[in-house]
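# Examination of the molecular architecture
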Amino acid sequence: MRKKTFSVLTAAFGLALAACGSSASSSTASNSSSSLPPAPSQITVGTTYSGSGSFATSSIPELDGLKFWIKYENAKGGVYVGAYKKRIPVKLVAYNDLSSATTAATQYNQLLTQDKVNIFVSDFGSVLTAPAVSLAEAHKVVLFDQSGTGIPFFSPQNKYIVLADLPVSSIWPNVLAKFLISKQIKNLAVLYGTNDFDASQATTLKTILAQNGINISYYQGVPSSTTSFGTLLQTIAQSKPDALLEFGYAANDAPFLQNVQSSGMHFKMVFTVFPGQLLGLFQQQVGTAGLSYTYTYGTNFYVNYPTVSEGLNSSQFATQFAAAFPGELNSLSLDGYNTGLVIQASLKYAKSLSQSDIRAGAAAASGHLNTVDGSFVLNSEGAQTGELLPVAQLFPSGSGVTLKAVYPASQATGSAVYPAPVG
Amino acid sequence: MPKLDEIDRTLETESKGKRLISPAVAALVPVVVFAVGVHIYSNELLLTYMAIYIALAQGINIIYGFTGYLPFGYFGFFGVGAYASGLAMLDYNVPPVLAVVIGGVAAALVGALLLPLFRLRGAYFAIGTLAASEAIYAIVSNPSLQSITNGPYGLNLAAYYSSGTAYGTAIALAAIAILAASYVRSSKFGLTLKAIRDDSYSASMSGVNVPRQRFYAWLIAAAIAGMGGSIFGWSTSVFYPQAVFDSSLSVLAIVFALFGGVGTVWGPTVGTVVLYAIYNAIGVSNPQYFQLIYGLVIVLLVLFAPRGLAGLRQIKSRRATTVGAKND
Amino acid sequence: MLFEYAIIGGILLGIFYALLAVGLNVVYGAQKIINLAHGDIIMLGGYGAWELYYTYHISPILSTIIVIPITVVLGYGLNRLIAPRLLKSADPEMLSLILFFGLSEVIEALASLVFGNAARALPVNSIPTSRLVLFGQGYSATWWVSASVILPLLGIFLVFLNRTSIGLQVRAVISDAVEAAVAGINAKRISGIYFGIGFALAACAGVWGVFIYGGVSPTEGPAITVTAFAIIVFGSLGNTVGTIVAGVIFGIFYQLAQVYIPSWSNLVPYVLVIATMLVRPQGLFGRRQRIA
């Protein structure tokens, strides 16, 4: 009896393990060697995305951007690989991590150990990128970090990370701080979500402003789950700030703007993080009246880049992407596309398909790559520092609101209305 | 026809020698399978997590299966362990395996602190532990504690990363958890509780101090979760608080344990292996349906098989041998 | 100034929290069922309001009433489906907890398949927008409009429970199902209806949740369930008036926390539930005899 039990259980374990491994699709692994191995028949790009859950609204457009890049390059016969001086078709392996960091971790490992992908790309945001960082380092595979801008990821020891699309979150407010200084705003209120992404922005802003002698009269962290701001606004209004800045996730920013509107209070300047990245969604959720004259980070999606060194320019991207993925055109799909362009440039400069050469390729592209997402500059830790986010303001227009970059002057497409008009 | 439960049921009447063999087999089989498995299927992290989940499911088994107290907030111990061991490594340079033990001890201490929750019964206890764990999460991730826990910024243990050792430790933990569960089951305490559950016996008659024994079971369960969290944090190596204080961790552990059948030694192990393998097999294509499927599995389990896979077998074997089926 | 604002704002908001929790208490009602899918029913109510507004241009105030009959029927059907098996088991309270947890997962998965993952919101001007001015301070329209719709609703519910024939039967079944059956009351039917009413109250809260939470999304359920549970534990499980009072007190505590200790404000429900359980397990309005 016991023997039977034993064998049945062993079989169950074996089956279960086999079930895990069934979907493995291997492709040519790349080795570092002096003489170039024969060119692989395809380049595998592996990533995860959030098909549902709290990150889905950002993750899905980002994946679509990457898909668009692959589709576009494959239509030309594949991505150009400098080491072989020819185009090689690209294959995408994308797993749905449901916005769970734990699920993402096992899937990242699946990509590295089973699918043996050539190009390893993480999901949207810092929370889901975190588990990929060490795995990439341990397997010596370059992580193309799309938008995981968290500070703990970047260190001099880690040679296997490239932040492709956004600057690290701690430098996001650099331009914003200069704008506040230029407007001679003396009294500020800052409300931030107590998470890595938002708290690091608040800290940076506070530091820069302190150096310039500007006082933040209200500086307060609130839990990232906060969606009710009425009483907080009342408290803030007591300090009569010249500008009110709220650093949150999209799920905080939208109710915050609604609350500002329904409170009937008037602030000379209101700033939130996400309208610039998900303008369509905010238009739906907050409406024109709630968004008008508020400020946000103007991502490069709203900046026109007529000449680029790699890929499509701004207007080409807008038309062609909208045709391929209707309704998904936003700043995050542009990020996904730009991830593709950074990979493309890295492959162009890489001396072989070994991971260290791909990383060297990214370093070689740094400073020379100009895309629809601005200029690409990597620091020694693999963090993006080229793309600075301009300050933008939302103006009411016929169909809703229009976003215009208002600072710095070099990127401005409109001029700031400060203080915001009443009503 | 293999009869898992028969082993469990006959165990009570078996000689002491056999009592020792059965738990050893229950712990050894997973160890061997995991040790061999990684050479067949090289996604080591997935196997590490699977071993951790076996330990968690056995932890649920120990506390819920044998005492009837269901801790919804079980994930709190997991997070405490991950943080305690991570900080031990970062602040005091403690070697990772020792740090895992520290994580277990820290979780057990928190467990002792939460002891007053045992004043509550049933659903109250379940929700009480959930609230406690959420509160611990809110405290650990609060920016005012940045100097101690690094607040919302999470921990980076990349310098201690060692997937092989972490994997070995996870397997060891799974084995320890299984042994602990079989110990609790065959101890006088476990037998008394079963007797109480079957209504044939009263605790006062048995001479077993139920609250004290329950306290020990609770500490063991907490320590297992703490060590599980420690290994999780170590093998994931860069994590934010929300990744280790994630209520879906308790959810999965509870579902795995229930699916296999709580109150048995094999149930939680088999339940975890089967469901976690399916989870990842679906997850590779589209795990969105997994939430739907496991939700339905829970509903159907409660309605039709409240004692899990093990219970199904029991009913079958009872019918076969025409032993009077007492529904409970 | 701020203190008074937090108190009055807390009361207005607390009336919403009262409705948020009262449905959970009603479902618990006659059969001691713990509805862990409570937050998900609230979520569905929110989507209901959204669909009604955008498809049929129905005001959310009216939607509050429209969702009632639909959810009563839904809840009644579900109750008849599961209650017989559940109540036969050894520990229905515990099993219902697990069962409804599974149901919550199913609802969440289906909602994200049907409605997508992005949060949906209703425009601020879909309800009256003028502020309420009290003692020189203005309160947002969302707060006072929701409070002034919810208050009469809660009033009607209390009248129903205490003055109508069905309400009296409900109370008879809750206090003693066996005796009620002897008196000729169809306990199964009455329990089913009451269960459905619990769902309906949750759905009504969902309509206003869209405004209070600034939107509705498929994953919001579990967090709402925990808050609602904290409130009913605080106000004594099974005690309707206790729940309503506890909801208002919760609103006040939460607003005071936002004024004085904002970064800790999410601790309020957890501290409330733990403190109540440890200090006074029977809740504010409970009698000692109940084993909590």
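In this text the structure is predicted, and so the values were computed from the model without any measurement.

Across its full length, chain C carries 11 helices and two strands. The order of helices and strands in chain C, counted from the N terminus, is α-α-α-α-β-β-α-α-α-α-α-α-α. Compactness check: chain C gives a C-alpha radius of gyration of 19 Å against a globular reference of 19 Å for 292 residues, within 12% of the reference. The dimensions of chain C, computed from C-alpha atoms along their principal axes, are 60 × 45 × 35 Å. In chain C, 79% of the contacts between residues at least 6 apart in sequence involve partners at least 24 apart. Accessible surface, chain C: about 10,900 Å² in total, of which carbon and sulfur atoms supply 68%.

Tallying secondary structure elements over chain B gives 16 helices and two strands in all. A burial count over chain B gives 64% of its 328 residues as buried. Considering only residue pairs separated by 6 or more positions, chain B has 78% of its internal contacts joining residues 24 or more positions apart.

Before going further, it helps to spend a moment on the packing of aromatic side chains. The geometry of two aromatic rings is summed up by the distance between their centres and the angle between their planes. Within the structure shown, the criterion is met by 53 aromatic pairs over all chains. Plain terms: the ring middles of tyrosine 293 of chain A and phenylalanine 395 of chain A are 6.0 Å apart, the flat faces sit at 90° to each other, and that makes the pair edge-to-face. One end of the pair, tyrosine 293 of chain A, is in the loop between helix H9 (279–291) and strand E12 (295–297); the other, phenylalanine 395 of chain A, is in strand E15 (residues 391–397), with 102 residues separating them in the sequence. Put simply, the rings of Trp172, Phe197, Phe247, Tyr249, Phe271, Phe274 and Tyr297 of chain A touch in pairs and so form one group of aromatic residues. Here the guanidinium or amino end of lysine 404 of chain A rests over the ring plane of phenylalanine 395 of chain A, the centre of that ring lying 5.5 Å away. Just above the ring of tryptophan 50 of chain C sits the side chain of arginine 120 of chain C; from NZ or CZ to the centre is 4.3 Å.

Together, Leu98, Val101, Ile102, Val105 and Leu109 of chain B make up a nonpolar patch on the protein surface, roughly 430 Å² of accessible area in all. Residue placement: isoleucine 102 of chain B occurs in helix H5 (residues 96–113).

Contacts between the two partners involve 30 residues from chain A, matched on the other side by 30 residues from chain C. Taken together, both faces of the contact between chain A and chain C bury some 2,400 Å²; the carbon and sulfur share is 54%. Counting across the interface, chain A meets chain C through zero salt bridges. Summed over the shared surface of chain A and chain C, the result is five residue pairs in polar contact (both at pLDDT 80 or more).

Attention shifts here to the pairing of E15 of chain A. Residues and elements named next belong to chain A. With respect to burial, E15 is a largely interior element, five of its seven residues being buried. Judged from the three bridges that link them, E12 and E15 form a sheet pairing that is antiparallel. Within the sheet, the bridge partner assigned to tyrosine 297 lies in E15 and is valine 391. Of the pairings in the sheet, the one linking E15 to strand E16 (residues 400–407) comprises seven bridges and is antiparallel in character. Within E16, the residue paired with proline 396 across the bridge is valine 401. If you look at the hairpin formed by E15 and E16, you'll find two residues sitting between the two strands.

Turning our attention to unusual backbone geometry. Residue and element names in this part refer to chain A. The residue after tyrosine 407, namely proline 408, is reached through a cis peptide bond having omega 0°. Note on placement: proline 408 falls in the segment after E16. In this model, tyrosine 418 is joined to proline 419 through a cis peptide bond whose omega is -5°. Structurally, the position occupied by proline 419 is in the segment after E16. A positive phi angle, near 55°, is found at leucine 98, a position not held by glycine. Within the secondary structure, leucine 98 is located in the loop between strand E4 (90–96) and helix H3 (101–113). Its identity is not glycine, yet lysine 140 carries a phi of approximately 55°, on the positive side. You can see lysine 140 is positioned in the loop between helix H4 (125–139) and strand E6 (143–145).

What follows covers empty space enclosed by the protein. Residues and elements named next belong to chain A. Summed over the entire model, instances satisfying the criterion amount to 10 cavities of 30 Å³ or more. Taken as a whole, the second largest cavity spans an internal volume of roughly 140 Å³. Lining the second largest cavity are 13 residues, and of these Phe124, Gly125, Ser126, Ser147 and Phe197 sit closest to its centre. With three residues, the top contributor of residues to the lining of the second largest cavity is H4. Among the residues making up the lining of the second largest cavity, the classes are represented as eight nonpolar, five polar and no charged.

Here the focus is the sheet that holds E4 of chain A. All names here are of chain A. Spatial ordering of the open sheet is given by E4-E1-E5-E6-E7, a layout of five strands whose pairing is parallel. In this open sheet, the two edge strands, each paired with only one partner strand, are E4 and strand E7 (161–163). Taking each pair of neighbouring strands and ignoring which way they run, the sheet shows an average axis angle of 20°. Across the sheet, H4 touches strand E5 (119–121), E6 and E7, and the angle it forms with E6 is around 155°. Together, E5, E6 and E7 form the strand contacts of helix H11 (residues 331–349), whose direction differs from that of E5 by roughly 155°.

Time to look at the environment of alanine 405 of chain A. Residues and elements named next belong to chain A. Looking at where alanine 405 falls in the secondary structure, it is placed in strand E16. Under the relative-accessibility criterion, alanine 405 is labelled buried at 2%. For alanine 405 and threonine 149, which are 256 residues apart along the polypeptide, the C-alpha to C-alpha distance reads 22 Å. Leave out the neighbours within four places in its chain, and alanine 405 touches Pro390, Val391, Ala392, Gln411, Ala412, Thr413 and Gly414.

What follows concerns the nonpolar core. All names here are of chain A. Phe120, Leu176, Leu180, Leu245 and Phe247 are the most contacted members of the largest nonpolar core, which totals 312 residues. Two domains each provide a minimum of three residues to this core, namely domain 1 (39–168 + 304–376) and domain 2 (171–302 + 390–407). Counting residues in each nonpolar core, the second largest holds 39 residues, with Phe317, Leu347, Ile358 and Ala365 among its members.

Residues and elements named next belong to chain B. Of all residues in chain B, 83% attain a pLDDT of 70 or more, and the chain-wide mean is 82. This model gives residues 1–15 a pLDDT under 50, and the stretch forms 35 contacts once residues within four places in sequence are excluded. Segment residues 322–328 is flagged for pLDDT under 50; beyond a separation of four residues in sequence, or across chains, it makes six contacts in the model.

Here the focus is the environment of valine 308 of chain A. Residues and elements named next belong to chain A. Inspection of the secondary structure assignment puts valine 308 in the loop between E12 and helix H10 (314–324). Of the residues examined, valine 308 reaches a relative accessible area of 25% and is grouped as partly exposed. Distance from valine 308 to aspartate 373, taken between C-alpha atoms, is 9.3 Å for residues 65 residues apart in sequence. Other than its neighbours up to four places away in sequence, valine 308 contacts Asn313, Asn370, Thr371 and Val372.

As a further point, take the side chain of asparagine 142 of chain B. Looking at the element boundaries, asparagine 142 of chain B is found in the loop between helix H6 (122–140) and helix H7 (146–149). Of note is the side chain of asparagine 142 of chain B, whose polar atom sits 3.1 Å from the backbone oxygen of serine 263 of chain C. In contact with asparagine 142 of chain B, other than residues within four places in its own chain, are Gly151 and Pro152 of chain B together with Ser263 and Trp264 of chain C.

So, how was this worked out
Along every chain, residues carry numbers that run from 1 in the direction the sequence is written. Key to labels: chains lettered from A, ligands numbered from 1, both in the order written. Selection of residues for local features in this predicted model requires a pLDDT of at least 70, selection of side-chain atom pairs for listing and counting requires 80 or more, and totals for whole chains, interfaces and linings are taken over all residues. Working from all heavy atoms in the structure, the side-chain values ignore hydrogens and water. The secondary structure listing takes helices from DSSP runs of H or I that are at least 4 residues long and strands from runs of E that are at least 2 residues long, numbered from the N terminus. Note that the radius of gyration is over C-alpha atoms, with the globule rule given as 2.2 Å times the number of residues to the power 0.38. Contacts are assigned to residue pairs that have any heavy atoms within 4.5 Å of one another. Areas reported here follow the Shrake-Rupley algorithm with a probe of radius 1.4 Å; residue values treat only the protein chains shown as occluding. Burial classes: relative accessible area under 20% of the type maximum marks a residue as buried, over 50% as exposed, and values in between as partly exposed (1.4 Å probe, protein chains only). Classification of ring pairs rests on two measures: the distance between centres of Phe, Tyr or Trp rings, Trp counted by its six-membered ring, which must be within 6.5 Å, and the angle between planes, read as stacked under 30 degrees, edge-to-face over 60 and tilted in between. Whether a charge sits over a ring depends on NZ of Lys or CZ of Arg being within 6 Å of the ring centre and within 35 degrees of the ring normal. Exposure above 30% relative accessible area and the lack of any salt bridge qualify a residue for a patch; like charges then connect within 9 Å, and the nonpolar side chains Val, Leu, Ile, Met, Phe, Trp and Tyr within 5 Å. Criterion for a salt bridge: a side-chain nitrogen of Lys or Arg within 4 Å of a carboxyl oxygen of Asp or Glu. As a working definition, buried area equals the accessible area (1.4 Å probe) given up by two parts on being put together, with both sides summed. As used in this structure description, the phrase polar contact means that two N or O atoms lie within 3.5 Å; if the pair is within protein, one of them must be able to donate a hydrogen and the other to accept it, and residues adjacent in sequence are counted only when both atoms belong to side chains. Note on pairing: DSSP must find at least two bridges between two strands before they are called paired. Cavities and pockets are found on a 1 Å grid laid over the protein atoms alone: a cavity is a set of points where a 1.4 Å probe fits but cannot escape, a pocket is an open set with protein on both sides within 12 Å along at least five of seven lines, and a lining residue has an atom within 4 Å of such a point. Grid points are joined across faces, edges and corners, and a volume is the space filled by probe spheres set on the points. In this count, Pro and Cys sit with the nonpolar residues alongside Ala, Val, Leu, Ile, Met, Phe, Trp and Tyr, while Asp, Glu, Lys and Arg are called charged and the others, Gly among them, polar. Angles here are taken between N-to-C directions and fall from 0 to 180 degrees, while the axes themselves are lines fitted to C-alpha atoms, restricted in helices to the stretch in contact. Grouping buried Ala, Val, Leu, Ile, Met, Phe, Trp, Tyr and Cys residues that are joined through side-chain atoms within 4.5 Å yields what is termed a nonpolar core. Note that the domain bounds reflect an automated or database-derived domain assignment. For every residue, the pLDDT score states the predictor's confidence, bounded by 0 at the bottom and 100 at the top.

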